[in-house]
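Examination of the molecular architecture
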Amino acid sequence: MVGQERPLRLLQRALAGGRLAHAYLLRGPEGVGKRTAARALAAAALCREAVFGGCGLCPACRKLRQSVHPDFVHLAPQGTAIKIDQIRGLKDALRFAPLAGDRRVVLLERVQAMRPEAANSLLKVLEEPPPGNLLLLTADENEPILSTISSRCQLLAFGPLPRELAALVLRRELPELHEAEALALAALAEGSPGRALALHATGMLAFRRSLIERLLDSSDNQAVLTREVLALAAEAAELKEHLPLLFDLLRLFFRDLMVRRLAGPGFEAGSDLGPLLERARERWSFAALSATLSAIDTASRALAQNVTRTLVCETLLFTIASQKKEDPLPRPSPEYGRGEKETRGQKSEIREGRRGQVAAQ
Ligand SMILES: [Zn+2]
């Protein structure tokens, strides 16, 4: 396990002192290691050596690994939540003493989604668990949890991981992932390796990369550019429910780019795009980036208001693609001020003027 030192230290101390509570509630953001910790504790409670995570060698550890330990009961949501029938089944099982040793461990996952009747049925077990039973509950933070449940358990608070640590966990799972890519995913997933893995599975990082490459390679000829952007927008609109995620990733990219411009060359922002960032830095001025970022916000809002996906994508991508290209000549004055002074009308005049020049060449 990586991170989560505080709850783990607490558990290990209780384990070493033989003072385990009868019920623990592991609470925190999704995907930060609550289930892994609960399983490590379950292994410790059943293992002959009583070490956190289990010794891996004793008969109890081997059975647990093969998912055939008779004294490990695992209740995961059927559908969205643990159902009342599952709790009834659990109560039946608890009427008997543990089968293999002197302890039984019950792991109940995502109890925050339990319906009130199931939760109430569980309360009686939590109040007076039969001796020899250890109850481990996990709950994500996205929904409130009944205080009647939380007050009957010892609370173990889990938090998001620092970005670097979340990226480390991610790369253990996906060794082929580039370090900078892992960092970008970890940032987007707000320090939850589990969520970062889910994000990676969408393939959205690869899509973002190809979209930015195509925007960088887009033509200076207005007619060709229009065709290219329309095709790109159609592809993006096909992402459907993943579109907000793409917008988040684009925001992250252009924000990184802006930080790079402010910090000057040599500054390494945590991005997955390396050389592409360099090309992009030459392509989009500070004013263009600022316009792009606000266009992304507008697109996100429009999407939330059910504006047609294709229209949202077309508007956004046209805005990004038609930003005035960076003047290749070095400028004596910082462009920071230039962007602020320009009005919308002036900007488009400049843009049109430049496009005319390019077309004439
Ligand atoms: Zn063992």
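Throughout what follows, the structure given in this document is the object of discussion.

**A closer look at the coordination of the zinc ion**
Protein-derived coordination of the zinc ion comes from Cys-47 (SG), Cys-55 (SG), Cys-58 (SG) and Cys-61 (SG), at a distance range of 2.3 to 2.4 Å. Site description for the zinc ion: donor spacing in sequence, C-x7-C-x2-C-x2-C. Of this pair, Cys-47 sits in the loop between α2 (34–46) and α3 (59–65) while Cys-61 sits in helix α3, and the two are 14 residues apart along the sequence.

**Some words on the environment of Arg-104**
Relative to the helices and strands, Arg-104 is located in strand β3 (residues 104–108). For Arg-104, a relative accessible area of 4% translates into the label buried. Look past the residues within four positions of Arg-104 in its chain and what remains in contact with it is Asp-71, Val-73, Ala-93, Leu-94, Phe-96, Ala-97, Pro-98, Gly-132, Asn-133 and Leu-134. At a separation of 2.8 Å, a polar atom in the side chain of Arg-104 contacts the main-chain carbonyl oxygen of Phe-96.

**Comments concerning the layout of surface pockets**
Here the largest pocket is characterised by a volume of approximately 640 Å³. Taken together, 23 residues line the largest pocket, and the ones lying closest to its centre are Gly-31, Val-32, Gly-33, Thr-36 and Gly-194. When the residues that make up the lining of the largest pocket are grouped by side-chain class, the tally is nine nonpolar, five polar and nine charged. Per-domain counts for the lining of the largest pocket show at least three residues from each of domain 1 (5–159) and domain 2 (164–201).

**Brief notes about the environment of Pro-193**
Following the sequence through the fold, Pro-193 ends up in helix α9 (residues 193–201). Through-space distance from the C-alpha of Pro-193 to that of Ala-167 is 7.1 Å; in sequence the pair is 26 residues apart. Apart from residues lying up to four places away in sequence, Pro-193 is in contact with Gly-31, Val-32, Leu-161, Ala-166, Val-169 and Leu-170.

**A look at the nonpolar core**
One recurring pattern in soluble globular proteins is that nonpolar side chains are buried together. Tyr-24, Leu-136, Leu-246, Phe-247, Leu-250, Phe-254 and Trp-284 are the most contacted members of the largest nonpolar core, which has 85 residues in total. For this core, the element with the most residues is helix α12 (residues 243–263), which contributes eleven residues. Every residue in contact with Leu-250, bar those within four places of it in the chain, is listed here: Arg-208, Leu-211, Ile-212, Ile-296 and Leu-316. Membership of the second largest hydrophobic core comes to 24 residues, among which are Ile-82, Val-106, Val-111 and Ala-139.

So, how was this worked out
- Residues numbered from 1 in each chain as written.
- Predicted model: local features only at pLDDT ≥ 70, side-chain atom pairs only at ≥ 80, totals over all residues.
- Heavy atoms only, no water.
- Donors = N, O, S within 2.8 Å, 3.2 Å for Na, K, Ca; no water.
- Helix = DSSP H or I, 4+ residues; strand = E, 2+ residues; numbered from the N terminus.
- Buried < 20%, exposed > 50% of the residue type's maximum accessible area, 1.4 Å probe, protein only.
- Contact = heavy atoms within 4.5 Å.
- Polar contact = N/O pair within 3.5 Å; in protein donor to acceptor, adjacent residues only side chain to side chain.
- 1 Å grid on protein atoms, 1.4 Å probe; cavity = no way out; pocket = protein on both sides within 12 Å on 5 of 7 lines; lining within 4 Å.
- Points joined across faces, edges and corners; volume = space filled by probe spheres on them.
- Nonpolar A, V, L, I, M, F, W, Y, C, P; charged D, E, K, R; others polar.
- Domains from an automatic or database assignment.
- Core = buried A, V, L, I, M, F, W, Y, C linked by side-chain atoms within 4.5 Å.

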